[in-house]
Amino acid sequence: MKRFWGQVARLIFVLAIAIMLGFLFVPLLSVFVSMPVSVLFQKLNTQISYQALYLSLCTTLIALGIIILLGTPVAYWLAKKQFSGNRLIRVLIQMPIVSPPAVAGVGLLLVFGSMGWLGSSFSLIGISFSFNVQAVVLAQVFISAPFYISSAMQAFETIDDKFLAVSRTLGVSRFKTFWRITVPLASTGLLTGAALSWGRALGEFGATMMFAGNLPGKTQTLPLAIYTAMQSDSKVAIAMSALLLFISFVLLLLVVLLGRLSSYETKIEGGKPNANVSLSKKSA
């Protein structure tokens, strides 16, 4: 009897795995197998697709640059400085992830819209941040920045402060210590966060729709083009969905390969951090 119930539990366990994996994978797989590859490429060969892809790549690369430039200091500050409001700020940084996209778009309009808190001042000198390319970039930064900051924070937290203290005792400035020691040691986490952030920005839809609009050739990114195409030609929408999924898959694959490469290099160095070895050699 005990053996019987053990087999039942094992069967339920296997079924749970199969159902969950099927639920996650089948909808994604269906995008690629719903039509022949030749038709898929044919449907992608439209001006709208090229414009949307070009705009998505350009705006997400700009957004990623802004996120890395501004998000890295924030992540380092939160990881290395302990103060009373640290945990609260960490929670607030995660809010764009859990906020409904429409709410994010409304918030951006209230601040950066032509009548918003900051937007009204900028509009006086002829600068607008709504319903244009700048709005697309701001929406992508707002939604995807938490992914980079969280990953960078975790990477900075794993670095032993002793390495940084040794660097300072050797007369290396804080800025050089950051570039020579901190960044190399946290490189895997930083690259992972950048890849995840870029992938999220590529898929951004709701906040962009609310804040930038859906203007073909101007603010229509790939997700917005998919939404528009779905109402007129579903095959074009499926083809663009396949393209977006493929790009996202490549980004995730890159993250995995970078993680494995980092582990391999650490084993080669005998488990010692590369940057630390580099510093020791220089100081010697």
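Since the structure is predicted, the reported quantities are computational estimates derived from the model, not experimental observations. (Residues numbered from 1 in each chain as written. Predicted model: local features only at pLDDT ≥ 70, side-chain atom pairs only at ≥ 80, totals over all residues. Heavy atoms only, no water.)

**Quick word on the overall build of the protein**
Helix and strand counts for the protein come out as 14 helices and zero strands. When the helices and strands of the protein are listed from N to C terminus, the series reads α-α-α-α-α-α-α-α-α-α-α-α-α-α. With respect to the principal axes defined by its C-alpha atoms, the protein has extents near 80 × 65 × 40 Å. Residues counted as buried form 35% of the 284 residues belonging to the protein. For the protein, restricting intrachain contacts to residue pairs at least 6 apart in sequence, the fraction spanning at least 24 positions comes to 71%. Put simply, the protein shows about 17,100 Å² of open surface, and 71% of that area lies on carbon and sulfur atoms. Each charge class in the protein can be summarised by its mean position, and for the 21 positive and 7 negative side chains these summaries are 4 Å apart. (Helix = DSSP H or I, 4+ residues; strand = E, 2+ residues; numbered from the N terminus. Buried < 20%, exposed > 50% of the residue type's maximum accessible area, 1.4 Å probe, protein only. Contact = heavy atoms within 4.5 Å. Areas by Shrake-Rupley, 256 points an atom, 1.4 Å probe, with all protein chains shown as cover. Lys, Arg positive; Asp, Glu negative; His and termini not counted. Charge placed at Lys NZ, Arg CZ, Asp CG, Glu CD.)

**Some thoughts on the pattern of salt bridges**
Per the stated rule, a full pass over the model turns up four salt bridges. The salt bridge involving D161 is made with K80; its shortest N-O contact spans 2.8 Å. Of this pair, D161 sits in helix α8 (residues 161–169) while K80 sits in helix α3 (residues 47–80), and the two are 81 residues apart along the sequence. Here R90 makes a salt bridge to E157, at a shortest N to O gap of 2.7 Å. Of the two residues, R90 is situated in helix α4 (residues 86–98) and E157 in helix α7 (residues 133–157); the sequence distance between them amounts to 67 residues. (Salt bridge = Lys/Arg side-chain N within 4 Å of Asp/Glu carboxyl O.)

**Overview of a nonpolar patch on the surface**
Among the surface-exposed residues, F13, V14, I17, M20, L21, F23, L24 and F25 lie close enough to one another that they form a single nonpolar patch of about 820 Å² accessible area. Looking at the secondary structure, you find M20 in helix α1 (residues 2–33). Residue M20 is classed as partly exposed on the basis of its relative accessible area, which comes to 44%. (Patch = residues over 30% accessible without salt bridge, like charges linked within 9 Å, V, L, I, M, F, W, Y side chains within 5 Å.)

**A short note on the packing of aromatic side chains**
A full pass over the atoms with the stated rule returns ten aromatic pairs. Each ring, one from Y76 and one from F178, has its centre 5.3 Å from the other, and the planes form 85°; the classification is edge-to-face. Taken together, the residues Y76 in helix α3 and F178 in helix α9 (residues 174–185) connect sequence positions 102 residues apart. The exposure class of Y76 is partly exposed, given its relative accessible area of 26%. (Phe/Tyr/Trp six-rings, centres within 6.5 Å; stacked < 30°, edge-to-face > 60°.)

**Some details on the confidence of the model for the protein**
Confidence along the protein averages 86 in pLDDT terms, with 92% of residues attaining 70 or more. Within the model, the stretch residues 273–284 combines pLDDT values under 50 with 17 contacts to residues more than four positions away or in other chains. (pLDDT = per-residue confidence, 0-100.)

**Concerning the nonpolar core**
With 24 residues, the main nonpolar core has A75, Y148, A152, F156, A186 and L190 as its most contacted residues. At the level of secondary structure, the elements contributing two or more residues to this core comprise α3, α7, α9 and α10 (187–202). In terms of residue count, the dominant contributor to this core is α7 (nine residues). Among the nonpolar cores identified, the runner-up in size contains 19 residues, and L44, I226, V236 and L243 belong to it. (Core = buried A, V, L, I, M, F, W, Y, C linked by side-chain atoms within 4.5 Å.)

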